[in-house]
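Residue-level structural notes
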Amino acid sequence: MSEGFFSKLVSGLTKTRDTITKRVEDLINFSSAIDDDLYEELEEILITSDIGVTTTTRIVDTLKAKVKENKVKDPSEVKYLLKEILNEMLQKGDEAVLEVRTPCVIMIVGVNGVGKTTSIGKLANKYKTQGYKVLIAAGDTFRAAAIDQLNVWGSRAGVDVIKQQEGSDPAAVVFDAVQSAKSKKVDILICDTAGRLHNKKNLMEELKKVDRVISREYPESSRLTFLVLDATTGQNAVLQAKEFKNVCDINGIILTKLDGTAKGGIVIAIKEELSVPVRFIGVGEGMEDLQEFNSKDFVEALF
């Protein structure tokens, strides 16, 4: 992670730091001993920071065990143990850096309003900057705004967008995009999908249909599916992720709007409860503000 982005992450996590780290520090400073009161208050801080009940219980139990094991008596040590626990949690079973095997089709899923279109534009720009030949498929045909927005992002990134009019069959758009990707020898095809979850059956059918088109027309391509979640929705993001996980195989999460929220603790909850790695995080509006997630940097910036 670049120096510039790390400082952006540090400033982006200000609100989260105020809800977690600052309150933990205050708690430690006012505690004379590591006792039940300290654990209870710590639990409350973590739960209200959107780390969630299940994950918080796990963190506090691990902390108690570490305190006992290392015979820790001084409350000021708690902060360092907590940092260690969060690091271990976020790195647990962490897949190596995401390998993109070309040609590759990346499906982007997520409900409307989470920053899906923006993330696609930034992702396309990122891969293009890395030297890949990129193409975008405007598969969310239910909203004319989504198609127009993708067009804008595509031209900003200097990447072609394959589209049809509003209301077209998403599978038909993906079919066209696959043909175009093959003839232009594209490395990465990024496909937008409709952001509907309330009608899961439709969404499932649609994703299956798109999936069949890619399998039939582009069997040589490798496949990835990224779920876009909005960090500002906190625990609601975990629920959305669970729903999508039931509908499709998710290889990673793109977490947007991390800079405007006090709910950055959601990163820990997602990792712990879903066992799906956060792959990219967005901390700003700029084209370069989507970066690969690094758990060590995240915990560093948090503390």
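Every chain is numbered independently, its residues counted from 1 as its sequence is written. Given that the model is predicted, a residue must reach a pLDDT of at least 70 before its local features are reported, and side-chain atom pairs must reach 80 or more before they are shown or counted; all residues, however, enter totals for whole chains, interfaces and linings. Side-chain measures here rest on the full set of heavy atoms in the structure, leaving out hydrogens and waters.

For the chain, the name recorded in an unreviewed UniProt entry is Signal recognition particle receptor FtsY, with Oxobacter pfennigii as its organism. The record held by UniProt for the chain lists under Catalytic activity (unreviewed entry) the comment "GTP + H2O = GDP + phosphate + H(+)". Quoted verbatim from the Sequence similarities (unreviewed entry) field of UniProt, the annotation for the chain is "Belongs to the GTP-binding SRP family. FtsY subfamily." UniProt positions are given in the numbering used here, feature names are shortened, and annotations may be inferred rather than shown by experiment.

Here's the deal with the packing of aromatic side chains
In summary, the pairing rule links any two rings of Phe, Tyr or Trp, Trp by its six-membered ring, whose centres are within 6.5 Å, and it sorts them by plane angle into stacked for under 30 degrees, edge-to-face for over 60 and tilted for everything else. Summed over all chains, the structure comprises three aromatic pairs. Between Tyr127 and Tyr132, the aromatic rings sit 5.9 Å apart at their centres with planes inclined by 85°, giving edge-to-face as the arrangement. Overall, Tyr127 belongs to the buried group, its relative accessible area being 4%. Any residue under 20% of the maximum accessible area for its type is buried, any over 50% is exposed, and the rest in between are partly exposed; the area is computed with a 1.4 Å probe on protein chains only. Taking the relative accessible area as the measure of exposure, Tyr132 reaches 25% and is therefore partly exposed. Between Phe226 and Phe280, the aromatic rings sit 5.8 Å apart at their centres with planes inclined by 70°, giving edge-to-face as the arrangement. Of this pair, Phe226 sits in strand 5 (residues 222–230) while Phe280 sits in strand 7 (residues 278–282); the two residues are 54 residues apart in sequence, bridging distant segments of the chain. By relative accessible area, Phe280 is classed as buried at 3%. Only when the NZ atom of a Lys or the CZ atom of an Arg is both within 6 Å of the ring centre and within 35 degrees of the ring normal do we say a charge sits over the ring. The ring of Tyr39 has Lys64 sitting right over it, with the charged end atom 5.2 Å from the ring centre. Sitting over the ring of Trp153, Arg156 keeps its end group 4.4 Å from the ring centre. Runs of H or I in DSSP of at least four residues are treated as helices and runs of E of at least two as strands, each being numbered from the N terminus.

Examining unusual backbone geometry
With an omega of -5°, the peptide bond between Thr102 and Pro103 qualifies as cis. In this fold, Pro103 is placed in the loop between helix 6 (77–91) and strand 1 (104–109). You will see that Lys71, though not glycine, has its phi angle at about 50°, which is positive. Judged by its relative accessible area of 66%, Lys71 falls in the exposed class. Even without a glycine there, the phi angle at Lys185 is positive, about 50°. As for its position among the elements, Lys185 is in the loop between helix 9 (170–183) and strand 4 (188–192).

Some remarks on helix 11 (residues 235–247)
Counted at 1.5 Å a residue, the expected span for helix 11 with its 13 residues is 18 Å, and the 19 Å between its end C-alpha atoms agrees. Considered for burial, the residues of helix 11 that qualify are Ala237, Val238, Gln240, Ala241, Phe244 and Val247. Under the convention used throughout, the expected extent of a helix is 1.5 Å for every residue step, that is, one less than its residue count.

Describing the environment of Lys245
For Lys245, the location among the structural elements is in helix 11. Separated by 233 residues in the primary sequence, Lys245 and Gly12 place their C-alpha atoms 28 Å from one another. Each residue touching Lys245, except ones within four places of it in the same chain, is listed here: Ile250, Leu274 and Val276. Under the rule applied, a polar contact is a pair of N or O atoms within 3.5 Å (in protein, one hydrogen donor and one hydrogen acceptor; residues adjacent in sequence only if both atoms are side-chain atoms). Here Leu274 takes part through its backbone oxygen, which lies 2.7 Å from a polar atom of the side chain of Lys245. For this analysis, residues touch if any pair of their heavy atoms sits within 4.5 Å.

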